[in-house]
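# Descriptive analysis of the structure
Spelled out, the chains give:
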Amino acid sequence: MKNLGAIIVMLTGLILISCGYMFREVVTTNSCQKCYVVHETTLDTVWSEDDCGGGVHRMEDRCKIAAYDYGCEYVCTCESYKQDTEE
């Protein structure tokens, strides 16, 4: 019985994570974000990602992970912007 409760909690968490992507893809398609990892002193960009809609979901987390992988002298910077819609 205790395992059943843990399984329900894990499945609920998985569903909520998936819903975040779908929500951004459907509702906020014009919302964009650009993240990049730069060296603190030389300001060299070693990693960057620019996407809109669902691609923005957890982008800042991916950027922080990449900065951590490069080392402690690298930082993650993210900028949000709205994409112009063509009519």
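For the structure, see preceding data.
Fair warning: this is a prediction, and the values are worked out from it, not measured in the lab. (Residues numbered from 1 in each chain as written. Predicted model: local features only at pLDDT ≥ 70, side-chain atom pairs only at ≥ 80, totals over all residues. Heavy atoms only, no water.)

### Re the packing of aromatic side chains
- As enumerated under the stated definition, the model contains one aromatic pair in all.
- With centroids separated by 5.5 Å and ring planes inclined at 45 degrees, the aromatic side chains of Tyr 70 and Tyr 74 adopt a geometry described as tilted. (Phe/Tyr/Trp six-rings, centres within 6.5 Å; stacked < 30°, edge-to-face > 60°.)

### What to know about the state of the cysteines
- A full pass over the atoms with the stated rule returns three disulfides.
- Paired through a disulfide, Cys 35 and Cys 78 show a sulfur-sulfur distance of 2.1 Å. Looking down the S-S bond of the Cys 35 and Cys 78 bridge, the torsion is 115 degrees, so its handedness is right-handed. With Cys 35 in strand S1 (residues 31-39) and Cys 78 in strand S3 (residues 74-82), the pair connects residues that are 43 residues apart, well separated along the chain.
- Between the sulfur of Cys 63 and that of Cys 76 lies a disulfide, 2.2 Å long from S to S. Between Cys 63 and Cys 76, the S-S dihedral sits near 130 degrees, and the bridge is therefore right-handed. Separated by 13 residues along the polypeptide, Cys 63 in helix H2 (residues 59-70) and Cys 76 in strand S3 bring together distant segments of the chain.
- According to the relative accessible area criterion, Cys 63 is buried, its value standing at 0%.
- Numbered by position along the chain, the disulfide-linked cysteines of the protein chain connect as 1-3, 2-6, 4-5. (Disulfide = S-S within 2.5 Å. Helix = DSSP H or I, 4+ residues; strand = E, 2+ residues; numbered from the N terminus. Buried < 20%, exposed > 50% of the residue type's maximum accessible area, 1.4 Å probe, protein only.)

### Quick word on the sheet that holds S1
- Across the sheet, three strands lie side by side as S2-S1-S3; this open sheet has antiparallel pairing. With one partner strand each, in any of the chains shown, strand S2 (45-52) and S3 form the two edges of the open sheet. Pairs of neighbouring strands in the sheet enclose a mean axial angle of 10 degrees, with direction left out of account.
- Strand direction decides the pairing type here: S1 and S3, joined by nine bridges, are antiparallel. Bridge pairing links Val 37 to Cys 76 in S3. (Pairing = 2+ DSSP bridges. Axes fitted to C-alpha atoms, helices over the stretch in contact; angles between N-to-C directions.)

### Details of unusual backbone geometry
- At Leu 43, a position not held by glycine, the phi torsion is positive, near 60 degrees.
- Structurally, Leu 43 can be placed in the loop between S1 and S2.
- Since its relative accessible area comes to 61%, Leu 43 is described here as exposed.
- One non-glycine residue, Arg 58, lies in positive phi territory at about 65 degrees.
- Along the chain, Arg 58 turns up in the loop between S2 and H2.

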